[in-house]
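Remarks on the overall topology
Chain by chain, the residues run as shown.
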Amino acid sequence: MNKSKLLYFYSDENNLENQENFDLETIDLCIIYSKDTIVNYSSVYNKIKSLNIDAIIIDKSSFVLDKEIFEFATYIRLMKNNIWDVPIYIYCNFGYKGIIEFLKSDKTNISKTNRFEIINNSLFEKDALEIGKIKFFQNLEQKKQESLNWNDFIKTINVEKPETSNHTISNEWAIYRWAHAIGANDSDIEKIENKVENNIYFKYLQAIYPIKEIQEIREEQLKVENLQDSKILYIDDEADKGWNGVLWELLKQSDVEDFELLGDELKSLSQDEIINESKKKIEEQKSDIVILDFRLHDSDFDCEIKEVTGYKLLQVIKKINPGIQVIIFSATNKVWNLQALQEAGADGFIIKESPENSIDPNFTKEVIISFINELDKANKRRFLKEVFTSLEKISKNIKDTDCIEETKFDSFLKLIKRQTEVIKSSTKKIDLKDKSTLDIVYLNCFSFLEHFKNEYYLNYSQKEYRYSLGQLEDNLNRYSYNKHNFNIELKNEFIRNGQSDSPSFFCTLTGIIVDYFELCDFEDNLIVKLAKITQKRNDFIHSQKEHFDQNELNKIIEIMENITKEMKE
């Protein structure tokens with residue numbers, strides 16, 4: 001009989017009775033492990049991965065729970081090294097009826113696969129040792145002849161999810177996949193990888209969704225243009241598990257310098273405290289982009305969406321400034337959750353990779369690229385933060401009125417106040433892929449200035465057309481221009497066109513003074529700016545201009561802010 005190599009797992013190093021039964025001339029290798037070593041799966045893997053053995057024998061006494069024996073045997077198979085397919089024997093003291101009951105604890109189905117058997121230790125009792133030895137090795141030779149195909153094995157076995165929450169599983173699995181895809185590594189990521197190596201459920205996931213199948217992501221695909229100056233805040237109570245390292249690896253590709261984190265410090269806080277702490281951090285950093293986890297508190301898993309911490313915090317952020325870009329980064333994939341978050345103002349969504357997503361080998365790459373695209377979109381939209389800041393100043397510049405007997409001027413104030421709210425509402429809907437959304441905002445701003453012209457500048461300004469003169473007053477002598485005559489000429493033009501359907505205020509100005517102001521090099525003069533935006537608006541109306549751009553929107557809002565500021569003063 002050829003000499004065979006057996007790997008024997010036993011729980012008690014001091015009890016050598018069963019070891020002696022196997023310590024025969026026909027056995028070349030016998031290894032004894034303590035229970036602690038067996039529980040540490042990755043430790044087992046490191047010790048036996050290079051061995052060349054004929055069979056594995058696992059003593060039942062090595063485990064407290066019967067199901068753990070089958071899980072350990074399944075883990076050995078899932079390692080898929082050079083011994084993954086060797087025959088495995090469970091060594092126990094049950095009779096045949098006991099073995100049948102014992103098999104009921106097999107939740108992994110490994111007992112239904114080839115090259116697996118349960119043997120009774122009576123086979124090796126000393127008075128039957130020679131016969132038992134012969135029977136065992138005859139059985140071993142038979143087991144070696146049974147085929148064990150990897151794909152068939154994977155289809156047969158079943159590993160149940162651990163009792164921990166799906167949220168935690170998705171987080172840890174996604175960190176593991178993302179980190180490998182982009183080459184991220186730090187101490188927190190190493191802890192996740194160690195858990196993946198030691199947890200049989202994650203080992204099962206590794207087997208059915210191999211990491212090697214993740215498509216390569218080129219370095220240039222991770223770069224976001226002009227992101228380096230953005231102030232980015234990541235809020236996630238589980239960020240310190242490894243997400244912080246993963247996101248930092250992504251952001252440093254774009255040379256981001258201002259990246260801050262709220263993570264572990266949130267775990268001990270109440271929901272209100274989490275929201276207040278986050279608000280404080282956003283205001284301190286003056287965040288441009290917030291990457292926000294949906295569930296930040298234990299209570300978030302058993303409540304309606306509008307009571308979830310992430311939802312409430314999203315609303316708070318948008319009250320601080322609707323232009324702050326908020327990307328929801330969460331394991332939730334429920335359509336109604338995403339719809340509610342979008343209605344509350346979320347600017348983008350990234351779904352963390354749950355195990356069921358990994359059935360598509362392209363998913364990891366696609367979701368990472370999607371995250372980069374969301375960052376790019378948020379970065380291009382961060383100018384809206386300044387837009388909303390100006391719109392808020394404009395609102396405050398317009399005096400509130402609640403007079404019982406409303407005057408014409410009160411009506412005017414209410415009109416431009418309402419128009420400002422219309423502008424805010426349309427600004428929230430700006431979609432840079434749909435340029436017409438920016439056009440709508442610009443035209444709403446132009447309408448605001450038309451209202452202003454029709455009432456304030458023609459009727460209520462105590463210092464008529466002061467903005468029309470601008471720098472002119474300092475140059476009257478140089479250009480021999482009479483201020484009084486200028487005012488009269490301009491005012492007569494308004495009077496002649498003062499009816500309700502009069503031509504645009506800015507159109508009138510264009511013919512009278514724009515050439516003069518440009519001659520005087522008054523490019524920064526308000527009236528020149530007004531005339532120029534009017535020309536752009538007319539070009540758009542007459543299809544000579546396709547769309548307005550971001551800079552043009554900034555300019556017209558700047559004019560609105562300056563005019564209302566003067567009115568307030």
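Now for a quick tour of the structure. (Residues numbered from 1 in each chain as written. Predicted model: local features only at pLDDT ≥ 70, side-chain atom pairs only at ≥ 80, totals over all residues. Heavy atoms only, no water.)

It is worth spelling out the sheet that holds strand β4 (residues 116–120) at this point. What the 4 strands build is an open sheet, ordered β1-β2-β3-β4; its pairing is parallel. Every interior strand has two partners, whereas the edge strands, β1 (6–9) and β4, have only one. In this sheet, neighbouring strand axes are inclined to one another by 20° on average, regardless of whether the strands run parallel or antiparallel. Of the strand pairs in this sheet, β1 and strand β2 (residues 55–59) are connected by 4 bridges, and their pairing is parallel. Counterpart to Leu6 in the pairing with β2 is Ala55. Sheet strands in contact with helix α4 (residues 66–78) are β1, β2, β3 (88–92) and β4, and its direction is about 155° off that of β2. (Pairing = 2+ DSSP bridges. Helix = DSSP H or I, 4+ residues; strand = E, 2+ residues; numbered from the N terminus. Axes fitted to C-alpha atoms, helices over the stretch in contact; angles between N-to-C directions. Contact = heavy atoms within 4.5 Å.)

As a further point, take the pairing of β3. Extensive coverage of β3 is indicated by the burial of 5 of its 5 residues. Alternating positions in β3 separate into two faces, Ile88, Ile90 and Cys92 on one and Tyr89 and Tyr91 on the other, with burial throughout. For β2 and β3, the ladder comprises 4 bridges, and the chain directions are parallel. Paired with Ile56 across the two strands is Ile88, which belongs to β3. Once the chain exits β2 it traverses α4 before rejoining the sheet at β3, and the crossover so formed is right-handed. One ladder, built from 5 bridges, connects β3 with β4; its direction is parallel. Within β4, the residue paired with Cys92 across the bridge is Asn120. Note on the crossover from β3 through helix α5 (residues 96–103) to β4: the handedness is right-handed. (Buried < 20%, exposed > 50% of the residue type's maximum accessible area, 1.4 Å probe, protein only. Right-handed = clockwise from strand over helix to strand, strands pointing away.)

This part takes up the layout of surface pockets. If a probe the size of a water molecule is rolled over the atoms, the empty space left behind becomes visible. Counted as a void, the largest pocket has a volume near 1100 Å³. Within the residue set of the lining of the largest pocket, elements represented by two or more residues are α12 (271–285), α13 (309–320), α14 (335–343), α15 (363–381), α16 (383–397) and α17 (408–428). Residue lining of the second largest pocket: 15 residues in total, with Leu78, Gln206, Ala207, Pro210 and Ile211 positioned closest to the centre. Residue assignment for the lining of the second largest pocket shows that the elements contributing at least two residues are α8 (166–182), α9 (187–198) and α10 (200–208). Sort the elements by how many residues they give to the lining of the second largest pocket and α10 lands first, with 3 residues. Of the residues that constitute the lining of the second largest pocket, the class distribution is 8 nonpolar, 2 polar and 5 charged. (1 Å grid on protein atoms, 1.4 Å probe; cavity = no way out; pocket = protein on both sides within 12 Å on 5 of 7 lines; lining within 4 Å. Points joined across faces, edges and corners; volume = space filled by probe spheres on them. Nonpolar A, V, L, I, M, F, W, Y, C, P; charged D, E, K, R; others polar.)

Let us now look at the side chain of Asn444. Structurally, Asn444 can be placed in helix α18 (residues 436–460). Looking at Asn444, its side chain comes within polar contact range of the side chain of Ser426, at 3.3 Å. Aside from chain neighbours lying at most four places away, what touches Asn444 is Gln419, Val422, Ile423 and Ser426. (Polar contact = N/O pair within 3.5 Å; in protein donor to acceptor, adjacent residues only side chain to side chain.)

What follows is about the packing of α4 against α10. Two elements in contact, α4 and α10, have axes separated by 10 Å at closest approach and are oriented at 30°. In terms of orientation, α4 lies roughly parallel with respect to α10. Seen along the crossing, α4 lies across α10 with a hand that is left-handed. Across from Glu71, Thr74, Tyr75 and Leu78 in α4, the residues of α10 making contact are Ile200, Lys203, Tyr204 and Ala207. Here the contact of α4 with α10 is built from residues that sort into 5 nonpolar, 1 polar and 2 charged. (Parallel < 35°, antiparallel > 145°, perpendicular 65-115°, else oblique. Left-handed = near helix turned anticlockwise from the far one by under 90°.)

A separate point is α9. The end-to-end C-alpha distance of α9, which contains 12 residues, comes to 17 Å, matching closely the 16 Å that a straight helix rising 1.5 Å per residue would cover. Inspection of α9 places Ile189, Ile192 and Val196 among the buried residues, and these make up the whole buried set. Viewed end-on, α9 has its buried residues packed into an arc of 60°, placing them on one side of the element. The secondary structure elements touched by the buried residues of α9 are α8, α10 and α11 (243–251). (Expected span 1.5 Å × (residues − 1). Arc of directions from axis to C-beta.)

Everything listed here is a matter of coordinates, which is why it stays silent on function.
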